[in-house]
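Structure at a glance
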Protein chains: 2
Amino acid sequence: MKTNNKKRLSNGLRQSKLFTKTLKNAPSDEVSKNAQLLIRAGYVYKEMAGVYSFLPLGLRVIEKIKNIIREELNTVGANELKMTALQKKEVWEPSNRWDDEVVDDWFKTKLKNGTKLGLAFTHEEALTNIMTNFVSSYRDLPIYAYQFQTKFRNELRAKSGIMRGREFVMKDLYDFSLDKEQHDDFYEKMKIVYKHIFDRVGLGSQTYLTISSGGSFSKYSYEFQTVTDAGEDIILVNKEKNISINKDDFNNEVLADFGVDKDTIFKEYKSVEVGDIYNLGDKFSKALNLTYKNEKGEEQLVYMGSYGIGIPRLMGVIVEVFSDNKGIIWPESVAPFQIHLINIGEDKKAEEIYEKLLEKGIEVLWDDRDKRPGEKLADADLIGIPHRIVVSARSWENGGIEYKKRDEEESRILSIEELIEFFKK
Amino acid sequence: MKTNNKKRLSNGLRQSKLFTKTLKNAPSDEVSKNAQLLIRAGYVYKEMAGVYSFLPLGLRVIEKIKNIIREELNTVGANELKMTALQKKEVWEPSNRWDDEVVDDWFKTKLKNGTKLGLAFTHEEALTNIMTNFVSSYRDLPIYAYQFQTKFRNELRAKSGIMRGREFVMKDLYDFSLDKEQHDDFYEKMKIVYKHIFDRVGLGSQTYLTISSGGSFSKYSYEFQTVTDAGEDIILVNKEKNISINKDDFNNEVLADFGVDKDTIFKEYKSVEVGDIYNLGDKFSKALNLTYKNEKGEEQLVYMGSYGIGIPRLMGVIVEVFSDNKGIIWPESVAPFQIHLINIGEDKKAEEIYEKLLEKGIEVLWDDRDKRPGEKLADADLIGIPHRIVVSARSWENGGIEYKKRDEEESRILSIEELIEFFKK
């Protein structure tokens, strides 16, 4: 088989070859809407609270989200790498984050010889340590590096489905800058990059750049909060002025700092933090001795920032926001497939259409199973692929296939030519 | 920026924007050739013995290898998923593999409430357990499922660089079949798939399908062994008869079973196991009660097999096999970039060529750094990208660019048009 054909194979899937099935019920201990829907539709499997395996459809969504993020991060010249989960204490002691009394969500383990190791919950220390091998002069900076990597967090409770994991893939990016000014420039760029990311995954109109309290190096920091009833945070939003403030930090001083007078009306929303961007200053470079020589030959501390997005959390939020009583309604950009092709009889015609769509580079899940029409349609609604095509004797009599969007009630008949034309756009 | 432009960005990298540098020395405790070269060239960073972070160039090689494997596995209709590292004991006790006395390379950890968890060193139990949700009838089988997922193995010693990791990404595929016959058919298919994979990553002519002792369900099993001096295994090979036998299992009975008479001459080679394919029978389906109803309505145990390839090990073996005293010599299919473009002065011409190559979809690392020519050329040899292009005033006078393959001594002058034409092939 030629390589092109092999690549093409990944665009299509016959549902009879997909090992998952829709399930009537989610596990009884699963209280979150996102995980209930994702488990019932066959996207994820719950290993234990906060620990989910991603089944074939779920992994496709994860990869779509990762690729959107990767493309946007390419625009700022960030280097992708992948660090390790296993961490030794020497790297974490200088920043005082090794001790379980200081950081309460470590998972620890040990080598055969008894050496204690940690499972990374984040990677500031690890990456700062790596950079000491590569940074010595001002000419080496700035550096922007990121990864998609599995974090382990020993959460006491994990009841929000895939929105709060004990093991989950995170995109974490770090900037290593000459000084606060260079860091701040990048920080502003990343606000825009994050906006593009949330726009592209379909959450743009629900997501607010939200002011919250800063750390040692800035008065305020920013988090991206998406409005959803499943949220555990509360934000106060004024849409006209395009300002959003975390309720925890809502006070007169903040209002004054952002030029808002006290008569401005803010509306309260429940929300989930889908991204954070943070000024780390020289906290980690100081601890791990990451320095560079400036043009005068003086030793300087590198200035840092961090930028995180939890990938399953983002997927979970999308499900919370885009679903109805029948199931999930994926935004086109992150759907596991673009089209759900369903045939009621008419296997040969369906196969012909399937092959034609794949040829055009369109991603198709074809429900070729020998099931009742009602079951196929209900499964399609639960799975939530945005475009549905039904091929049946009746559709054929009417002039082609029956096309319906997942979030619309009305279907319409399209000829094969019209269908192809429609998806070329 | 348009999406196409964003995608294109990932094909090119200016070396001045790459945070890694080549290093004079690998850590003194690093004894393996593969890790020494990979560390010095900036592909990996050693966190501790057997635990390596993959830096930008290294991650590109890993992803190339994964994509080759993914494409080949698509041809047999395998579903990709991703399971979790964290494992609970309930899933591992039925097969008697939870106990540290039975399995000696577990990493264990625990939840805040004291519940012990393991970090998966393999996934037979976890996937068999998942399948109990989806398999009930003979109509549901066969199922082929695989993942690229991080394994944790608490190795007592880890001295082979990235060839033996305590934390490493593995491709593990499992078949769930109706019976031994259906499993055997697939097993034979996988022998061919594996052959394609090792051919495509460049190891075809060094890699032998090797007979070794079987388990409870087959007299013999097979492993793919690649000949290299860095190997810890020994295989006995007769090339004409295309037969390879693990030295541990080389005896008269094996020779007889494979129709080899005792006068056949075998040559001994050191080798590394790069892939294994294994008949699991009903060991795990029995333990975890994975059954299906056959056409007569009788309850049957599912018949299983497993098929593994350690991705960093494969990368390490490639480096062991393809290197010289100057550095690595990547096979084209897994090189981080296709072309290493080096300019000596002539920045503008180089940029023009860089952009032209990217436009054609060719992957280019452009050494745009302000360094001495000798340093640039030595770095290129160490990094080992298969095609090198030098742009200089001299090359330009001679009619274009100076092209050299990494593993050849002689360079030649090509015009830009000839260069583009050359890489179109």
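Residues numbered from 1 in each chain as written. Chains lettered and ligands numbered in written order. Predicted model: local features only at pLDDT ≥ 70, side-chain atom pairs only at ≥ 80, totals over all residues.

**Structural notes on the overall build of chain A**
The following threshold applies: In DSSP terms, a helix is any run of H or I states spanning at least four residues, a strand is any run of E spanning at least two, and both are numbered starting from the N terminus. Atoms considered for the radius of gyration are the C-alpha atoms alone. The globule rule reads 2.2 Å times the number of residues to the power 0.38. In this scheme every C-beta is placed from the backbone, and a residue whose C-beta has 20 or more other C-beta atoms within 10 Å is buried, one with 12 or fewer is exposed, and one in between is partly exposed. The contact rule is simple: place each C-beta atom from the backbone, and if two of them lie within 7 Å, those residues are in contact.
Of the regular secondary structure elements, chain A holds 13 helices and 24 strands. Relative to the 2.2 N^0.38 estimate, which gives 22 Å for 425 residues, the radius of gyration of chain A is 24 Å and therefore close to what a compact globule would have. Viewed in the frame of its principal axes, chain A has a C-alpha envelope of about 80 × 65 × 45 Å. Each of the 425 residues in chain A was classed as buried or not, and the buried ones make up 49%. Contacts in chain A between residues far apart in sequence, at least 24 positions, make up 68% of those at least 6 positions apart.

**Observations concerning unusual backbone geometry**
Between Leu 141 of chain A and Pro 142 of chain A the backbone carries a cis peptide bond, its omega angle lying at 0°. Topologically, Pro 142 of chain A is positioned in the loop between helix H5 (124-131) and strand S8 (143-152). Not every positive phi belongs to a glycine, and Glu 346 of chain A is a case in point at roughly 50°. Considering the arrangement of structural elements, one finds Glu 346 of chain A in the loop between strand S20 (339-344) and helix H10 (347-359). With a phi close to 55°, Asn 242 of chain B is a non-glycine residue in the positive phi region. Considering the arrangement of structural elements, one finds Asn 242 of chain B in the loop between strand S12 (233-238) and strand S13 (243-246). When the 9 C-beta atoms within 10 Å are taken as the criterion, Asn 242 of chain B is described as exposed.

**Quick word on the relation of the copies chain A and chain B**
Quick reminder of the rule: The copies were overlaid by least squares, fitting only the C-alpha atoms of residues that reach a pLDDT of 70 or more in each copy.
Superposition record for chain A on chain B: RMSD 0.0 Å, screw rotation 180°, translation along axis 0.0 Å. Such a combination of rotation and displacement between the chain copies is what one expects of a two-fold axis. Considering only C-alpha atoms, the part of chain A nearest the rotation axis is Thr 109 of chain A, at 2.6 Å. The overlap is high: 100% of the interface residues of chain A also sit at the interface in chain B, so the same surface is used on both sides.

**So, the sheet that holds strand S24 (residues 412-414) of chain A**
All names here are of chain A. In plain terms, the rule: The criterion for strand pairing is that DSSP finds at least two bridges linking the strands in question. Every axis in this analysis is a line fitted to C-alpha atoms, fitted for helices over the stretch in contact. Angles between the N-to-C directions lie between 0 and 180 degrees.
If you trace the six strands from one edge of the open sheet to the other, you get S1-S21-S20-S22-S23-S24, paired in mixed fashion. Looking along the sheet, the strands with just one partner apiece sit at the ends: strand S1 (12-14) and S24. For this sheet the average axis-to-axis angle between neighbouring strands, irrespective of direction, equals 25°.

**Focus on the sheet that holds strand S21 (residues 364-367) of chain B**
Residue and element names in this part refer to chain B. The strand order S1-S21-S20-S22-S23-S24 describes an open sheet built from six strands, whose pairing is mixed. What marks the edges here is a single partner per strand, and that holds for strand S1 (12-14) and strand S24 (412-414). Mean inter-strand twist for the sheet, computed between neighbouring axes without regard to direction, equals 25°. Alignment of strand S23 (residues 401-405) against S24, held across three bridges, turns out to be antiparallel. Residue pairing in the sheet places Glu 402 in a bridge with Ile 413 of S24. The sheet strands contacting helix H10 (residues 347-359) are S1, strand S20 (339-344), S21, strand S22 (387-392) and S23, and the helix crosses S20 at an angle near 165°.

**Describing the domain arrangement of chain A**
All names here are of chain A. What counts, and what does not: Each domain's limits were defined by an automated method or a database of domain assignments. Put simply, Ala, Val, Leu, Ile, Met, Phe, Trp, Tyr, Cys and Pro go in the nonpolar bin, Asp, Glu, Lys and Arg in the charged bin, and everything else, Gly too, in the polar bin.
As far as domains go, chain A holds domain 1 (3-19 + 337-424) and domain 2 (33-324). For domain 1 versus domain 2, the separation of C-alpha centres amounts to 38 Å. At the junction of the two partners, domain 1 supplies four residues and domain 2 supplies four residues. Across the side of domain 1 that touches domain 2, the residue classes tally to three nonpolar, one polar and no charged.

**What to know about the environment of Ser 10 of chain B**
Residues and elements named next belong to chain B. Topologically, Ser 10 is positioned in the loop between helix H1 (3-9) and S1. Given 16 C-beta atoms within 10 Å, Ser 10 falls into the partly exposed group. For the pair Ser 10 and Lys 267, spaced 257 residues apart in sequence, the C-alpha to C-alpha distance is 45 Å.

**Some points on the environment of Thr 109 of chain B**
Positionally, Thr 109 of chain B belongs in strand S6 (residues 107-110). A sequence separation of 40 residues divides Thr 109 of chain B from Ile 69 of chain B, and the C-alpha atoms of the two residues are 32 Å apart. When sequence neighbours within four positions are dropped, the list of residues in contact with Thr 109 of chain B reads Phe 107, Lys 108, Thr 109 and Leu 119 of chain A together with Leu 117 and Leu 119 of chain B.

**Remarks on the interface of chain A and chain B**
Each partner contributes to the interface: chain A provides 51 residues, whereas chain B provides 51 residues. At five residues, the largest contribution of residues to the side of chain A that touches chain B is made by helix H3 (residues 56-74) of chain A. Tallied by class, residues from the side of chain A that touches chain B come to 24 nonpolar, 13 polar and 14 charged.

**Quick word on the packing of H3 of chain A against helix H9 (residues 311-321) of chain A**
Residue and element names in this part refer to chain A. Convention followed: Throughout, the term roughly parallel applies to angles under 35 degrees, roughly antiparallel to angles over 145, roughly perpendicular to angles from 65 to 115, and oblique to all others.
At a closest axis distance of 10 Å, the pairing of H3 and H9 adopts a crossing angle of 110°. Accordingly, the angle class assigned to the pair H3 and H9 is roughly perpendicular. The residues of H9 that touch H3, namely those facing Val 61, Ile 62, Ile 65 and Lys 66, are Ile 311, Leu 314 and Met 315. Classifying every residue of the contact of H3 with H9 by side-chain character gives six nonpolar, no polar and one charged.

**Describing the nonpolar core**
Quick note on the threshold: Definition of nonpolar core: a set of buried Ala, Val, Leu, Ile, Met, Phe, Trp, Tyr and Cys residues joined via C-beta atoms within 7 Å.
Among the nonpolar cores identified, the biggest contains 240 residues, and Val 44 and Ile 65 of chain A together with Val 44 and Ile 65 of chain B are the most heavily contacted of them. For Ile 65 of chain B, the residues in contact, after removing those within four places along its chain, are Val 201, Ile 311, Leu 314, Met 315 and Val 334 of chain B.

**Quick word on the pairing of strand S2 (residues 44-48) of chain A**
Residue and element names in this part refer to chain A. As paired elements, S2 and strand S3 (residues 51-54) share four bridges and run antiparallel to each other. Residue pairing across strands places Lys 46 opposite Tyr 52, the latter belonging to S3. Where S2 folds back onto S3 in an antiparallel hairpin, the turn is made up of two residues, including Gly 50, whose phi is positive at roughly 80°.

**Side note on helix H2 (residues 33-40) of chain B**
Each α-helix turn comprises 3.6 residues. Residues three or four places apart therefore point the same way. Residue and element names in this part refer to chain B. Inspection of H2 places Asn 34, Ala 35, Leu 37, Leu 38 and Ile 39 among the buried residues, and these make up the whole buried set. Contact partners of the buried residues in H2: strand S2 (44-48), helix H3 (56-74), helix H9 (311-321), strand S18 (323-324) and strand S19 (327-328). Positive phi shows up at Gly 42, right after H2, with a value of about 85°.

**Comments concerning the packing of H2 of chain B against H9 of chain B**
Residues and elements named next belong to chain B. Relative orientation of the contacting elements H2 and H9 amounts to 90°, with a least axis distance of 8 Å. Compared by their axis directions, H2 and H9 come out roughly perpendicular. Contact with H2, carried on its side by Lys 33, Asn 34, Leu 37 and Leu 38, involves Gly 316, Val 319 and Glu 320 of H9 and no other residues of that element. Within the contact of H2 with H9, the residues separate by chemical class into three nonpolar, two polar and two charged.

**Side note on the pairing of strand S11 (residues 220-227) of chain B**
All names here are of chain B. Summarising burial for S11: seven of the eight residues are buried, a large majority. Both strand S10 (residues 207-213) and S11 contribute to a ladder of seven bridges, which runs antiparallel. If you follow Leu 209 over to S11, its bridge partner there is Phe 224. Sheet analysis places S11 next to strand S14 (residues 267-281), joined by six bridges and oriented antiparallel. What sits directly across from Tyr 222, in S14, is Ile 277.

**A short note on the environment of His 340 of chain A**
Residue and element names in this part refer to chain A. Relative to the assigned elements, His 340 resides in strand S20. With 66 residues separating them in the primary sequence, His 340 and Arg 406 have C-alpha atoms 9.8 Å apart. With residues up to four places along the chain from it excluded, the contact list for His 340 reads Leu 365, Asp 367, Ala 380, Ile 383, Ile 385, His 387 and Arg 388.

**What to know about the confidence of the model for chain A**
Convention followed: pLDDT: the predictor's confidence for each residue, scored from 0 to 100.
Counting all residues, the mean pLDDT for chain A is 95, and 98% of those residues have values of 70 or more. Scored as a whole, the predicted complex attains pTM 0.97, and scored at its interfaces, ipTM 0.96.

**Things to note about H9 of chain A**
In terms of burial, H9 of chain A is largely enclosed, as eleven of its eleven residues are buried. For H9 of chain A, every residue scored as buried is listed here: Ile 311, Pro 312, Arg 313, Leu 314, Met 315, Gly 316, Val 317, Ile 318, Val 319, Glu 320 and Val 321 of chain A.

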